[in-house]
Amino acid sequence: MARRFLGPWLVLVWFAGSTAWAQADAASAGKVEQAVSQALEKARAAATALTQALMGELMKHMREGGPEAAVSVCSAKAQEITKAQQQEGVLVRRVTARPRNPQNRPDDYEQAMLVLMEHRYRKDKTASEVSDWYLEGETLTVRYLRPIVIGEMCLACHGDRQRMKPAVREFLTQHYPEDQAVGYQAGDFRGAVSVTVKTTLPPEPQKP
Ligand code: HEC
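Report on the accompanying structure. Just so it is clear, the model here is predicted, and its values are computed rather than measured.

About the cut-offs
Residues numbered from 1 in each chain as written. Predicted model: local features only at pLDDT ≥ 70, side-chain atom pairs only at ≥ 80, totals over all residues. Heavy atoms only, no water. Buried < 20%, exposed > 50% of the residue type's maximum accessible area, 1.4 Å probe, protein only. Helix = DSSP H or I, 4+ residues; strand = E, 2+ residues; numbered from the N terminus. Pairing = 2+ DSSP bridges. Near = heavy atom within 4 Å. Polar contact = N/O pair within 3.5 Å; in protein donor to acceptor, adjacent residues only side chain to side chain. 1 Å grid on protein atoms, 1.4 Å probe; cavity = no way out; pocket = protein on both sides within 12 Å on 5 of 7 lines; lining within 4 Å. Sits in = over half its atoms within 2 Å of the grid points. Lys, Arg positive; Asp, Glu negative; His and termini not counted. Salt bridge = Lys/Arg side-chain N within 4 Å of Asp/Glu carboxyl O. Contact = heavy atoms within 4.5 Å. Arc of directions from axis to C-beta. Donors = N, O, S within 2.8 Å, 3.2 Å for Na, K, Ca; no water. Points joined across faces, edges and corners; volume = space filled by probe spheres on them. Nonpolar A, V, L, I, M, F, W, Y, C, P; charged D, E, K, R; others polar.

Observations regarding the pairing of strand 4 (residues 189-200)
In step 1: Along strand 4, nine of the 12 residues are buried, which leaves the element largely enclosed by surrounding structure.
In step 2: Sheet topology note: the strand 1 (residues 90-95)/strand 4 ladder contains six bridges and is antiparallel. In the sheet register, arginine 93 faces strand 4, and the bridge partner there is serine 194.
In step 3: With 11 bridges connecting them, strand 3 (residues 139-149) and strand 4 associate as antiparallel partners. Residue pairing across strands places leucine 145 opposite serine 194, the latter belonging to strand 4.

Listed below in structure tokens is the structure:
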């Protein structure tokens, strides 16, 4: 007999319990979602800042002394400019499957995303960003990649070796004996600006 009365009660208790859980889950999902979108904004800003800093330097020296002058400045300053852009919890760099500087080789995640981005780009010529995130305890990691495509101006140092100015070709042979970043054409997929943002989730609001 007792069982008959207990049944509905158990269902009720279970229901009440699960709504409380669902609410807690929704609150923490909202918290994660917000943290992810903030981290993504940070990643986008860091990618833009690095691109602008590098392009500013490149354009200035291309104008002043042509590719012969710009190539040595680029070579000497690219890593320095990249390091200057790092902030606490934000790592930003350029990566490519065909590096000139071996320091710009991708890690496993970046490698997989470069393959995906290049595949999409070849298919429909859209170069769009990709991102992912994961949680380890309260630490949120967001990974973000923004594609880099070759333009006409890039060919002076990344195009056909035979068409480069001899001084540029010599400089590259001397400084980058394993250079893979040549032979591109305008419109080719080149690589990506890669940003990793690490942040701690805000604590749960205290219950009154
Ligand atoms: C004046 C020569 C020059 C021009 C023009 C130039 N680059 Fe480069 N680029 C270099 C050098 C030198 C490096 C290696 C820098 C280093 O040692 O980190 C490099 C490295 C890179 C890298 C980093 C990956 C790697 O292979 O090491 C990317 C991405 C890149 N260039 C893209 C471009 C794009 C896109 C353009 C056109 C908008 C461009 N470059 C124009 C000289 C040039």
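Observations concerning the site of the ligand
In step 1: The full set close to the ligand counts 25 residues, and Arg100, Asn104, Cys154, Cys157 and His158 are the nearest of them.
In step 2: Note that a nitrogen atom of the ligand is positioned 3.5 Å from one of the side-chain N or O atoms of arginine 94.
In step 3: In the model, an oxygen atom of the ligand is placed 2.7 Å from a nitrogen or oxygen of the asparagine 104 side chain.
In step 4: In this structure the site holding the ligand corresponds to the largest pocket.
In step 5: Looking at which element gives the most residues to the shell around the ligand, the answer is helix 1 (residues 2-84), with nine residues.

Notes on the side chain of arginine 190
In step 1: Turning to its location among the elements, arginine 190 is positioned in strand 4.
In step 2: Although buried, arginine 190 forms no salt bridge, and the nearest oppositely charged side chain, aspartate 179, lies 6.3 Å from it.
In step 3: Beyond its immediate sequence surroundings of up to four residues, arginine 190 is in contact with Thr96, Arg98, Ile148, Val149, Ile150, His158, Ala181 and Tyr184.

Remarks on helix 4 (residues 166-175)
In step 1: Taken residue by residue, helix 4 has Val168, Phe171 and Leu172 as its buried positions. In a view along the axis of helix 4, the buried residues occupy a sector of 95°, so they form one face of it. Of the exposed residues in helix 4, those oriented more than 90 degrees away from the buried face are Glu170 and Gln174.

Some details on the coordination of the iron atom of the ligand
In step 1: Donation to the iron atom of the ligand from the protein comes from one atom only, His158 (NE2), at 2.1 Å.
In step 2: Its location among the elements puts histidine 158 in helix 3 (residues 155-158).

Concerning the side chain of glutamine 79
In step 1: With respect to the element layout, glutamine 79 can be found in helix 1.
In step 2: Of note is the side chain of glutamine 79, whose polar atom sits 3.4 Å from the side chain of asparagine 104.
In step 3: Contact partners of glutamine 79, with chain neighbours within four places excluded, come to Asn101, Gln103 and Asn104.

Here's the deal with the layout of surface pockets
In step 1: Reported here for the largest pocket is a volume of approximately 840 Å³.
In step 2: Every residue lining the largest pocket is counted, 38 residues in all, and those nearest its centre are Leu58, Cys74, Arg94, His158 and Arg190.
In step 3: Where the lining of the largest pocket is concerned, the elements lending two or more residues are helix 1, strand 1, strand 3, helix 3 and strand 4.
In step 4: It is helix 1 that provides the largest number of residues to the lining of the largest pocket, a total of 15 residues.
In step 5: Grouping the constituent residues of the lining of the largest pocket by class yields 24 nonpolar, eight polar and six charged.

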